[in-house]
Amino acid sequence: MEYEIKRSARKTVALEITDRATLLVRAPLKMSDREIEKFVLKYSDWAAEKLETASKRAEREQGIAAREKELRKKAEHLLPLLTARYSAAMGLKPASVKITSAEKRFGSCSGKNGICFSWRLMAYPMPAIEYVVVHELAHIKHHNHSTAFYKLIERYMPDYRSRRALLKTPE
């Protein structure tokens, strides 16, 4: 199994799967290569499983990135419409709606109630997209993930749990 070693002034050794789907070993400065190899071998099953998952995710992300122009155009048209529709139903008005290139989150709500959506969200099914819109609008009333926050989402979207599960894999 191939891996990269990064040594630093740390006390323990750790394995990390990078965004590029590679294995990184973080090790103490004085740990020998042989000890590192034994550690990697001990956790090789775990690493192989995580590398496979990361590799699939990286492939999927490349496919989504290749469709950026199409997905961005769809986002710029659809997300403001959905936000307006659910905003009216929920009685919650965002200060603004923006489309971003965020890679690690589908949406966000600022302290000043400005909502941002990643164009990458458009690679997911419509029920998942609607869930993210309602989720971000709910943050206007509850700037947290409290029980009250999820009760508000559930009031307008009783099936939110199954919709949220759709965000695990794009279409």
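Just so you know, these numbers come straight off a predicted model, no measurement behind them.

## Some remarks on the environment of Leu82
No. 1: Residue position: Leu82 is located in helix H3 (residues 68-90).
No. 2: For the pair Leu82 and Lys93, spaced 11 residues apart in sequence, the C-alpha separation works out to 12 Å.
No. 3: Those residues in contact with Leu82 that lie beyond four places of it in its chain are Met126, Ile129, Glu130 and Val133.

## What to know about the sheet that holds strand S4 (residues 96-100)
No. 1: Strand order in the open sheet formed by three strands is S4-S6-S5, and the pairing between neighbours is mixed. Here the strands that pair on one side only, and so sit at the sheet edges, are S4 and strand S5 (107-109). On average, each strand axis in the sheet is inclined to that of its neighbour by 15°, with strand direction left out of account.
No. 2: By the bridge criterion, five bridges tie S4 to strand S6 (residues 114-118) in an arrangement that is parallel. Opposite Lys98, over in S6, you have Cys116 as the bridge partner.
No. 3: The sheet contacts of H3 involve S4 and S6, and relative to S4 the element is tilted by about 155°.

## A few points about the pairing of strand S3 (residues 23-28)
No. 1: With five of six residues buried, S3 lies mostly within the body of the structure.
No. 2: By the bridge criterion, four bridges tie strand S2 (residues 14-17) to S3 in an arrangement that is antiparallel. Bridging across to S3, Glu16 finds its partner in Leu24.
No. 3: In this structure, the hairpin formed by S2 and S3 is closed by a connection of five residues, where Ala21 is found at a positive phi of approximately 60°.

Quick notes on the rules
- Position numbers for residues count from 1 along each chain, tracking the sequence in the order it is written.
- Residue-level local features of this predicted model are given only where pLDDT is at least 70; pairs of side-chain atoms are given and counted only at 80 or more, and the full residue set underlies all totals for whole chains, interfaces and linings.
- The side-chain quantities take in all heavy atoms of the structure and omit both hydrogens and water.
- Segments assigned H or I by DSSP are reported as helices when at least four residues long, segments assigned E as strands when at least two residues long, and all are numbered from the N terminus.
- The contact definition used throughout considers only heavy atoms, calling two residues in contact when any of these lie within 4.5 Å.
- One bridge is not enough; two strands pair if DSSP finds at least two bridges between them.
- Note on geometry: axes are C-alpha line fits, over the in-contact stretch for helices, and angles between N-to-C directions span 0 to 180 degrees.
- Think of it in three bands: residues with accessible area under 20% of the maximum for their type are buried, residues over 50% are exposed, and the middle band is partly exposed, with areas taken using a 1.4 Å probe on protein chains only.

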